[in-house]
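Working through the structure, step by step
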Amino acid sequence: MKIPGFTHLYGRIFAIFWTTLLVVVITLVLMFQYDPRSVQTIPDHQLVRLQSQAEQINQRLNTPSPSSHTSLITRIKALTHRRDNHRSQLYFTTIDGDIIAPQKHTKALRNFITIADNPSKPQQRLYGRWLIAGPFKITTEQQSLYMYRGQVWRGSPPFFVQIMDKPFKLLLVTMLVSTPFLLWLAWAVTRPARRLQQAAERVARGEFEADPTLEQGPQEFKQAGASFNQMVDALNNIISGQQRLLSDISHELRSPLTRLRMATALAQRKQGQSNELSRIDTEAERLEKMISELLELSRMQVNSHQQQQIIDSHSLWYEMLEDARFEAEQHHKTLTYNQLQAWPLKGNPNLLISALENVIRNAIKYGNNVIEVTFTPQQQQLLITIDDNGEGVPNDELDDIFRPFYRVSTARDRSSGGTGLGLAITESALRQHSGNIKATSSPLGGLRISMTLPLAR
């Protein structure tokens, strides 16, 4: 297996894991050094006092006793019994560690003797509330001894000792202390992933923009970010190429179509009007209209994903709605809409205007005399409904009317003059803006088109 480098994600996780483990181990070692229950060096001021006491005991044991027959053991017992057993206690042992005149806490003393037996470096350790210090060398004519001193420890245990004695508290404190660090670690490790996620969401909304920040961070995310940016550039090129191809084809078709209409007009002048020539001219006119719509669509969609901006709904649609209302009045129909507000939208203004205009003009064309447009903000979306009181669309064809060149068999046949591109253009425009569109039966008796668009944040 390849040795992990810090520039790689797994290398960083590995390094952070071992760094965290090292910090925890060092902290525990330092904490145990300050734990009074572990062997510690006696503080200087206490050491001086204990050494002075040991010298006094040494002098007392070396001073001739009034009773010459009094043994050393008897004198040592007398010294130990003079102490207040509830607060402090002197202990004496031989050089070999045998306890002389055993008293209370001898079990703790035996344990302490095994770890502190060098009088040149006296130490101390806490056993419960009993603090034992020593050894201090006592030299007499009969033999050399070690002196230890025990006393009640009046200090309160350090906070970390209280925590370490209770596993639940230790676990809780460890979690609380490590939470900020772990949150930072999770944020730092997942930051490149979040950038990649946000870039993917922008692409899903139709914003095909390369993001240089994706090529930062661990090596794995650098490579993924570079590949993502290459994909975005490739998509831009494909989309632009397709739209330019459509535009070029539509443009090229107009030239022979124009010549066809000119030839038809000349034939009508020479031969007069005939059903056949009228039919040719009508179909040519319809074909020219279709090509014009395709050309307009291609012009709007070329690089439309790179021409998005924030614009409010009132500025976007007000003029178009007023023009549509005037057009409806010319056809002796009524178009109404509720008051527009400055709801923010992000997108290509031309496409958004065309999307709503196509639906409204359809409603004007096929409605009997009433068209209603309603704008309703819903959380992070704007809902637009367009109702008419025309003949409507059969339920089994509601999902098909958004297909290019599709015409409903009843009302939207060829005699209507439609090309079947209007609703397809609208559906495409909404999809590019992360919106959607659906058709249902209207309460007015005709068709209802419902459109939703996300509000800009």
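Numbers given for residues are sequential positions, taken from 1 along each chain in its written order. Since the coordinates come from a predicted model, pLDDT governs what is reported: local features require at least 70, and pairs of side-chain atoms require 80 or more to be given and counted, while whole-chain, interface and lining totals use all residues. As a convention, hydrogens and water are excluded, and side-chain values are obtained from all of the structure's heavy atoms.

Defined as follows: UniProt positions are given in the numbering used here, feature names are shortened, and annotations may be inferred rather than shown by experiment.
As named in an unreviewed UniProt entry, the protein chain is histidine kinase, taken from Photobacterium piscicola. Taken from UniProt, the Subcellular location (unreviewed entry) comment for the protein chain reads in full: "Cell membrane". In the Catalytic activity (unreviewed entry) part of its UniProt record, the protein chain is described as follows: "ATP + protein L-histidine = ADP + protein N-phospho-L-histidine."

**With respect to the sheet that holds strand S3 (residues 99–100)**
How we decide: Only when DSSP finds a minimum of two bridges between them are two strands counted as paired. Each helix is a run of H or I in the DSSP string that is no shorter than four residues. Each strand is a run of E no shorter than two, and both are numbered from the N terminus. Contact definition: two residues touch when any of their heavy atoms are within 4.5 Å. Orientation is described by lines fitted to C-alpha atoms, with helices fitted over the stretch in contact, and by angles between N-to-C directions that extend from 0 to 180 degrees.
Pairing within the open sheet is antiparallel, and its six strands lie in the order S1-S4-S5-S6-S2-S3. The sheet is open, and its two edges are formed by strand S1 (40–41) and S3, each paired on a single side. Pairing analysis gives eight bridges linking strand S5 (residues 130–139) to strand S6 (residues 144–152), with the strands arranged antiparallel. Residue pairing in the sheet places Ile-138 in a bridge with Leu-145 of S6. Against the sheet, helix H2 (residues 44–62) touches strand S2 (88–94), strand S4 (123–127), S5 and S6, its axis set at about 45° to S5. Sitting on the sheet, helix H4 (residues 106–115) touches S2, S3, S4, S5 and S6, and the angle it makes with S4 is about 145°.

**A short note on a nonpolar patch on the surface**
Stated precisely, the cut-off is as follows: Each patch is built from residues lacking any salt bridge and having more than 30% relative accessible area; the joining distance is 9 Å for like charges and 5 Å for nonpolar side chains (Val, Leu, Ile, Met, Phe, Trp, Tyr). Areas reported as accessible are Shrake-Rupley estimates using a 1.4 Å probe. Residue values count occlusion only from the protein chains shown. Salt bridge, as used here: a side-chain nitrogen of Lys or Arg that lies within 4 Å of a carboxyl oxygen of Asp or Glu.
A contiguous nonpolar patch, built from Phe-14, Phe-17, Trp-18, Leu-21 and Val-25 and spanning about 510 Å² of accessible area, is present on the exposed surface. Of note, Leu-21 is situated in helix H1 (residues 9–33).

**Points about the pairing of S2**
Both faces of the sheet carry side chains from a regular strand, because those side chains alternate between them. Quick reminder of the rule: Exposure categories follow from relative accessible area, calculated using a 1.4 Å probe and restricted to protein chains: below 20% of the type maximum is buried, above 50% is exposed, and the middle band is partly exposed.
Burial of S2 is extensive: seven of the seven residues sit out of reach of the surface. Judged by which residues are buried, S2 turns out to be covered on both faces: Ser-88, Leu-90, Phe-92 and Thr-94 on one side and Gln-89, Tyr-91 and Thr-93 on the other are all buried. Here seven bridges tie S2 to S6, and the two strands are oriented antiparallel to one another. By the bridge assignment, Ser-88 is partnered in S6 with Gln-151.

**Some details on the pattern of salt bridges**
Counted under the stated rule, the structure contains six salt bridges. We note a salt bridge from Arg-361 to Glu-327, for which the minimum N-O separation is 1.8 Å. Of this pair, Arg-361 sits in helix H10 (residues 349–366) while Glu-327 sits in helix H9 (residues 313–330), and the two are 34 residues apart along the sequence. A salt bridge links Asp-400 to Arg-403, with the nearest nitrogen and oxygen atoms 3.5 Å apart. Judged by relative accessible area, Arg-403 falls into the partly exposed class, the value being 45%. Taken together, the shared-partner salt bridges connect Glu-327, Glu-357 and Arg-361 into one network.

**What about the nonpolar core?**
The line we're drawing: By nonpolar core we mean a set of buried residues, namely Ala, Val, Leu, Ile, Met, Phe, Trp, Tyr and Cys, connected to one another through side-chain atoms within 4.5 Å.
Formed by 41 residues in total, the largest nonpolar core has its most connected members in Trp-317, Ile-360, Phe-375, Ile-386 and Met-451. When contributions to this core are tallied by element, the ones reaching two or more residues are H9, strand S8 (334–337), H10, strand S10 (370–378), strand S11 (381–388), helix H11 (422–432), strand S12 (436–441) and strand S13 (447–454). Here this core takes eight residues from H10, the largest share from any one element. Those residues in contact with Met-451 that sit more than four places away from it in its chain are Ala-355, Leu-356, Val-359, Leu-382, Leu-383, Ile-384, Ile-386, Thr-426, Leu-430, Asn-436 and Ile-437.

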